[in-house]
Amino acid sequence: MLNWLFGRRKIGLVLGGGVARGIAHIGVLKVIDKYQIPIECIAATSSGSIVGAVYASGMDIQLIEDLALRISWGRIVKLAFFRPGFISGEGIREMMIKYIGNKKFSDLKIPCAAVATDIKTGEPVIINKGEVAKAVAASTSFPGVFAPEEVEHHVVVDGGIAQNLPVEVARKMGANFTIAVDVVPSRPIRYLPRDAFQVFGRSLDLVLHELSAEQRKKANILIEPHIEEDIWHLDINKAQKLIAAGEAAAHQALRRLRGI
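Turning next to the overall build of the protein chain. When helices and strands are tallied, the protein chain shows 10 helices and 10 strands. Counting over 260 residues, the protein chain shows a buried share of 53%. Roughly 12,300 Å² of accessible area belongs to the protein chain as shown, and the carbon and sulfur atoms make up 55% of that amount.

In structure tokens:
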């Protein structure tokens, strides 16, 4: 148990976006559960909001891992007709309802907030009330691919555009100690991307890493899973590797905390 190290601190967990790489958050959560670290609130963006909301609902972490190992894009993707995006967020919404039910944020066992981006102003939109599944669909609506969503009088796209690692959001939720998980690779790559999509993905990683620089500094503990170079944004079929990377990074970070 590591909870004694945190004393009376209110611990906020911050889960960043990263498309399929967000699956690595599950490995971090396995370690958090193992050491019984008391999480008081969760602030999450994009794919992090999927994992965060499911965990906040009270689902057993082993079941979350089992679901991640079976998931496929075919279960998520629904074409969007007559909307500014190829894919509708309805598939993600339906997936969330299937796994946790049509819960409201007030039903969650751990207070949780999902971050989206107002497409008009570029400002972050913090969603912490109403339907959880709809909020997650909004937070994950990657622009140009997923159609924008309407939330609380805002038209929003993926939260990573405004705040991919929402440490400040966790602070505003009352956390005075934050554990942030950034699944966007920060190390230089050794090999050039092989196709146009990988070039775009690598460029996106560079932009998101730069945008998250200040938030990374504000985290009390920053966990960075080592994502192998052969794992790209849509590689949900590599869930096992991603979960293992999250576990390894979380163990390493917590060992440093204990001075081991």
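Model confidence for the protein chain is summarised by a mean pLDDT of 88, while 88% of its residues fall at 70 or above. Ranking the helices and strands of the protein chain by mean pLDDT puts helix α7 (residues 167-172) first, with 98, and strand β3 (residues 78-79) last, with 42. Across residues 78-86, confidence stays below pLDDT 50; counting only partners more than four residues off in sequence or on other chains, it has 27 contacts.

On to the pairing of strand β5 (residues 112-118), then. For a regular strand, the rule is simple: side chains alternate between the two faces of the sheet. With seven of seven residues buried, β5 is to be regarded as a mostly interior element. In the sheet, strand β2 (residues 39-45) pairs with β5 via four bridges, with the strands oriented parallel. Bridged to A43 within β5 is A113. Hairpin connection, β5 to strand β6 (residues 124-127): the antiparallel pair is bridged by five residues, and G122 has positive phi, about 80 degrees. Taken together, the three bridges between β5 and strand β8 (residues 154-158) define a ladder with antiparallel strand orientation.

What follows concerns the packing of aromatic side chains. Enumeration according to the criterion identifies one aromatic pair in this entry. Measuring from centroid to centroid gives 6.2 Å for F142 and F200, while their planes differ by 85 degrees, and the two rings are edge-to-face. Here F200 lies in helix α8 (residues 196-211) and F142 lies in the loop between α5 (132-139) and β7 (149-151), a separation of 58 residues in the sequence.

This part is about the environment of D230. With respect to the element layout, D230 can be found in the loop between β10 (221-223) and α10 (239-258). Exposure remark for D230: the relative accessible area of 32% places this residue in the partly exposed category. Residues D230 and Y191, spaced 39 residues apart in sequence, show a C-alpha to C-alpha distance of 9.7 Å. In this view, D230 contacts D235, K238 and K241; residues no more than four positions away in its chain are not counted.

Rules behind the numbers
- Every chain is numbered independently, its residues counted from 1 as its sequence is written.
- Selection of residues for local features in this predicted model requires a pLDDT of at least 70, selection of side-chain atom pairs for listing and counting requires 80 or more, and totals for whole chains, interfaces and linings are taken over all residues.
- Think of the side-chain values as coming from all heavy atoms in the structure, minus any hydrogens and water.
- Secondary structure follows DSSP: runs of H or I at least 4 residues long count as helices, runs of E at least 2 residues long count as strands, and numbering of each begins at the N terminus.
- Throughout this description, buried means an accessible area under 20% of the type-specific maximum (1.4 Å probe, protein chains only), exposed means over 50%, and partly exposed covers the range between.
- For the accessible areas, the method is Shrake-Rupley and the probe is 1.4 Å, while residue cover comes only from the protein chains on display.
- Scored from 0 to 100, pLDDT records how confident the predictor is in each individual residue.
- Contacts: residue pairs with any heavy atoms within 4.5 Å of one another.
- At least two DSSP bridges between two strands are needed for those strands to be called paired.
- Pairing of aromatic rings covers Phe, Tyr and the six-membered ring of Trp, with a centre-to-centre limit of 6.5 Å; geometry is then stacked below 30 degrees between planes, edge-to-face above 60, and tilted otherwise.

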